[in-house]
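Observations on chain architecture
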Amino acid sequence: MTALLEVRNLKTYFFTLRGSVRAVDGVSFTLEKGEALGIVGESGSGKSTLGFSLLRLVPPPGRIVEGSIILDGEDILKLPEERVRKEIRWKRISMIFQSALNALNPVKRIGDQIADAIMAHEDVDKKEALERAAELLKSVGIDPRRVNNYPHEFSGGMKQRAVIAMALALQPDVVIADEPTTALDVVVQAQILNLFKKLRKEKGLSIILITHDLSLVAEIADKVAIMYAGKIVELGPSEKIYTEPAHPYTKGLMASIPRIGGSKELAWIPGSPPDLRNPPPGCRFHPRCPFAMEICRREEPPYFDVGDGHISACWLHKEGISKS
Amino acid sequence: MGIKIEELSSRDDIILAGIGVKMYFSLARSISEILARKSRVVKAVDGVDILIEKGKVTCLVGESGCGKTTLGKLIVGLYRPTEGSIVYRPSDELSKVLLDAGVPYIESKGGLLFDMAKARGRALKMLRREIQIVFQDPYGSLNPRMTIKDILEEPLIIHGYKDEKERLEMVIKALEDVKLTPPEEFLYRYPFQLSGGQRQRVNIARAIILGPRLVVADEPVSMLDVSIRAEILKLMLDLKERRNLTYVFITHDLAVASIICDYINVMYLGRIVEYGPTDEILLKPKHPYTQALIAAVPSPDPKGRWRIKEVPIIGEIPSALSIPPGCRFHPRCPYAMEKCKINDPPYFEVGYKHLSACWLNEGEKVAKI
Ligand SMILES: Nc1ncnc2c1ncn2[C@@H]1O[C@H](COP(=O)(O)OP(=O)(O)OP(=O)(O)O)[C@@H](O)[C@H]1O
Ligand SMILES: Nc1ncnc2c1ncn2[C@@H]1O[C@H](COP(=O)(O)OP(=O)(O)O)[C@@H](O)[C@H]1O
Ligand code: SF4
Ligand code: SF4
Ligand SMILES: [Mg+2]
Ligand SMILES: [Mg+2]
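I will try to describe carefully the structure that is included in this document.

Reading guide: rules and limits
Residues numbered from 1 in each chain as written. Chains lettered and ligands numbered in written order. Predicted model: local features only at pLDDT ≥ 70, side-chain atom pairs only at ≥ 80, totals over all residues. Heavy atoms only, no water. Buried < 20%, exposed > 50% of the residue type's maximum accessible area, 1.4 Å probe, protein only. Helix = DSSP H or I, 4+ residues; strand = E, 2+ residues; numbered from the N terminus. Contact = heavy atoms within 4.5 Å. Core = buried A, V, L, I, M, F, W, Y, C linked by side-chain atoms within 4.5 Å. Buried area = accessible area lost by both parts, 1.4 Å probe. Salt bridge = Lys/Arg side-chain N within 4 Å of Asp/Glu carboxyl O. Polar contact = N/O pair within 3.5 Å; in protein donor to acceptor, adjacent residues only side chain to side chain. Nonpolar A, V, L, I, M, F, W, Y, C, P; charged D, E, K, R; others polar.

Among the 9 residues in helix α13 (residues 288–296) of chain B, 7 count as buried, and that is most of the element. What α13 of chain B keeps buried is the set Pro288, Tyr289, Thr290, Ala292, Leu293, Ile294 and Ala296 of chain B. Packing partners of the buried residues in α13 of chain B comprise α6 (186–203) of chain A together with α11 (254–260), β10 (263–268), β11 (271–277) and α12 (278–283) of chain B.

Before going further, it helps to examine the nonpolar core. Counting 74 residues, the largest nonpolar core has Phe249 and Ile264 of chain B as its most contacted members. No other element matches helix α10 (residues 226–243) of chain B, which puts 6 residues into this core. Not counting residues within four places of it along the chain, the set of residues in contact with Ile264 of chain B comprises Cys59, Val61, Ala257, Glu274, Tyr275, Gly276, Thr278, Ile281 and Leu282 of chain B. By size, the runner-up hydrophobic cluster in this structure holds 70 residues, among which are Val21, Ala36, Leu216 and Ile295 of chain A.

This part is about the interface of chain B and chain A. Taken together, the contact between chain B and chain A spans 43 residues of the former and 44 residues of the latter. Contact between chain B and chain A buries roughly 3900 Å² in total, counting both sides, with carbon and sulfur atoms accounting for 61%. Applying the counting criterion to the chain B and chain A interface returns 4 salt bridges. Taking the shortest distance from any N to any O, the salt bridge between Lys309 of chain B and Glu219 of chain A comes out at 2.8 Å. Where chain B meets chain A, there are 10 residue pairs in polar contact (both at pLDDT 80 or more). Listing elements by their share of the side of chain B that touches chain A, those giving two or more residues are α10, α11, α12 and α13 of chain B. Per-element accounting of the side of chain B that touches chain A gives the leading share, 8 residues, to α10 of chain B. Considering only residue class, the side of chain B that touches chain A consists of 22 nonpolar, 9 polar and 12 charged.

All names here are of chain A. By the secondary structure assignment, Val306 is in the loop between β11 (304–305) and β12 (311–312). On the basis of relative accessibility, which here comes to 30%, the residue Val306 falls in the partly exposed class. Sequence separation between Val306 and Ala103 is 203 residues; the distance between their C-alpha atoms is 41 Å. Beyond its immediate sequence surroundings of up to four residues, Val306 is in contact with Ala246, Ile311 and His317.

Listed below in structure tokens is the structure:
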């Protein structure tokens, strides 16, 4: 069986005057129908750029330079833009952008905004599109009678839900949610996660949740990819990632999660992520890694299989390596 | 807390107290509202009693819009309360100045507590110096056209430091205190040349450069990544020890509160609904709103991922323009009773220094402090 979505060795660079930023640098993963994948990493690790790439919406001076994005057996990087616009973007893969709260047009009714998105892709009249907009609002827990409201009449949580409704308007197979709840409170955040859970159970929606919050990801993801400096350094089933993190970076992230009723000691990963114009040689994490060895400074670690579909790019997994 | 003056007087550990504090903002009205004589008043803070213990970290938590920042600004004296008062126990030096200026005070075992709203002129300036604030947004709160040196010198110039060399020394010392080292490397940089974490360090440096005694920190880490977050929190705790500070720490993240706070005040729609020592609040919450907040915190455990998470409250926080009558939480409360719709619950003492404003706790005795 082939996966719904398969990303292979994807590279997206920004060609700036001061050099090329390797924001996404050789990323691979698969996503099945109804599956939820969490992508976690620090700010600047390339998460949003990865999301834009999957939609073929990388802003200039960025460009996808290599790799493939295979949806249902077809590489969408090989398709003409015309077909992507008509058949793929929003219809099969859609995205809830970071800072979605500003994504709504302030002078246009919510319902009209959703209806326009529907009419741009499907041959339906305004009346039918508005009915569907109301239906969509209902499905995200907003009273459908508020379809004629303007964005400023909605609270932050409602706006976020409206943006989600818009991303779902064309019944995509995959929705990418980029930090969908960072600006929201825990209560609203939990309500929105519940909404995602419902959609994937009932409609078989596949979800890619992008965030820097490991706790949030645990609430929904079946598998988790940890990104560092443009690369996935660890990928595996959630159970494994949370109970037996393999990569030193993941371990550091896990240790720095504050927990209620947990330790009162503050832990963190010293240092900061590298400049992606000029990442360190070898393992990109080596300047911050407490276990860095000679080889880490020279050679980039490949992925090691640590069992049950769980991989980690770290030299510590190599048999017989000297760990001194 | 229904703070009574006598009880405040018997304490020796209070650096600041708010008594019946209200902060109302009037909004612009439409013509029809003016004709209908309808006022539009945002009750951002609506009857807050709060005690801040010296040398401790006191948290304000609650959903967006519940009045945390407004209360923080009241505490540092950026707003004058519409009603009620905020009293502060200053340094001995300032105490003399305030006494001479005839500012009203309450006596307490620990010293005199002065009514901040009544300070003027030199006394007010000194007061501002002793109580500082670190603002919510590390990106928006630094002037992009000023260098770090200019940003940090600004409060010094305002407070009359005329000697340029002395100012530079103080700036360097502050940069060292927040671990922006070597300081020379940061002096002439602009905010956009710093990472989010470094900007927040500059914000903290600006707040401590005048040697305050009380610092209000408004969501100092919520815009930062988890790994930078811990570093900044550690820095703040170290500074507190080194410089004998008291913190009022505003956050909506209960997990952060659990690590750094001694006491937690849970705010809802302009009021404190529960107050107590951190572990009491987080492990034995009594108010239904606090219980819901804690239930909603995501936990880093993937086992529950197929379950719909029960968050035992519905809907969202109502607007501060129209606060529900009775218990202001009743439209969202799963336990709301008839009387909740009519009568606002007082505070009930539910444990040591632990108060909850909920009729469910009525059996317990009514709180004094
Ligand atoms: N200057 C002002 N004029 C009018 N309304 C105001 C003003 N400042 C705050 N408010 C209102 O007062 C209420 C409380 O706002 P405040 O900023 O204190 O909330 P907060 O708890 O800090 O929220 P957040 O977590 O989003 O920062 C809100 O309804 C807000 O819109
Ligand atoms: N439009 C752009 N021009 C140049 N560099 C960019 C642009 N967008 C992102 N980058 C760079 O790409 C890297 C990854 O950014 P991003 O994908 O936004 O990370 P994340 O979402 O994980 O925070 C960063 O180094 C960022 O500065
Ligand atoms: S490869 Fe080396 S530097 Fe990189 S994470 Fe593993 S031990 Fe650390
Ligand atoms: S007083 Fe009533 S409505 Fe308010 S929190 Fe308690 S039970 Fe709920
Ligand atoms: Mg991003
Ligand atoms: Mg605020």
